[in-house]
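Coordinates in review
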Amino acid sequence: MLECRQRNLGGRASNQALRFGVFLAGVALAAFSLLNELGRLRQLGWLMAVPVAGAAYLLISGALGICVFNGMQGKRHDDHGREAIWDPQHRAQMRNLALIAVSASIAIGVGFAAAFLVRS
């Protein structure tokens, strides 16, 4: 598991990201159901990648405490406020973890959209 040093989000921000990620996943499933009922899944199915990737990013971000915006800026957003990460090695590690989280969420979004299209 990741150490506390490898997080750039505080507890409250992580919980908010998890909550909104679950909400966005529900919106994506509702959109899939609506497109399926309207018979437009073949034409608009790739649009499913956007909310699924967003939900995946928020769930990864909340679970691991990693934010791409803070990681790119070299900052940490704890519950008491924002602070700069001064160690260049630690800042680079935060940036890399954030990019991995974004890459994984895009891959998940495209994968789920492809699975939705194959299913229809």
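Please refer to the structure higher up on the page.
I will try to describe carefully the structure that is included in this document.

The rules behind the values
Here the residue numbering is sequential within each chain, running from 1 through the sequence in written order. Totals for whole chains, interfaces and linings use all residues, but because this is a predicted model, local features are given only for residues with pLDDT of at least 70 and pairs of side-chain atoms are given and counted only at 80 or more. Each side-chain value is worked out from all heavy atoms of the structure, with water and hydrogens disregarded. To qualify as a helix, a DSSP run of H or I must reach at least 4 residues; to qualify as a strand, a run of E must reach at least 2; elements of each kind are numbered from the N terminus. Expected span of a helix: the number of residues minus one, times 1.5 Å. Exposed residues in this analysis have more than 50% of their type's maximum accessible area, buried residues have under 20%, and partly exposed residues fall in between, with area computed by a 1.4 Å probe over protein chains only. When a carboxyl oxygen of Asp or Glu lies within 4 Å of a side-chain nitrogen of Lys or Arg, that pair is called a salt bridge. Put simply, a nonpolar core is a bunch of buried Ala, Val, Leu, Ile, Met, Phe, Trp, Tyr and Cys residues held in one set by side-chain atoms that sit within 4.5 Å of each other. Residue contacts are counted whenever heavy atoms from the two residues lie within 4.5 Å of one another.

This part is about helix α1 (residues 11–38). The terminal C-alpha atoms of α1, which comprises 28 residues, lie 41 Å apart, in line with the 40 Å expected from a rise of 1.5 Å per residue. Along α1, the residues classified as buried are A13, S14, A17, G21, L24, A28, F32 and L35.

We now examine the pattern of salt bridges. Within this structure, the stated rule accounts for one salt bridge. Across the pair E83 and R76 runs a salt bridge, and its minimum N-O distance is 3.2 Å.

The next point concerns the nonpolar core. Membership of the largest hydrophobic core comes to 16 residues, with the highest contact counts inside it found for Y57 and L58. Contributing elements (two or more residues each) for this core: α1, α3 (49–64) and α5 (88–119). If we ignore the near neighbours within four places in the chain, the residues touching L58 are A17, L18, F20, G21 and L24. If you look at the next biggest cluster of nonpolar residues, it comprises nine residues, including A28, F32, M48 and F116.

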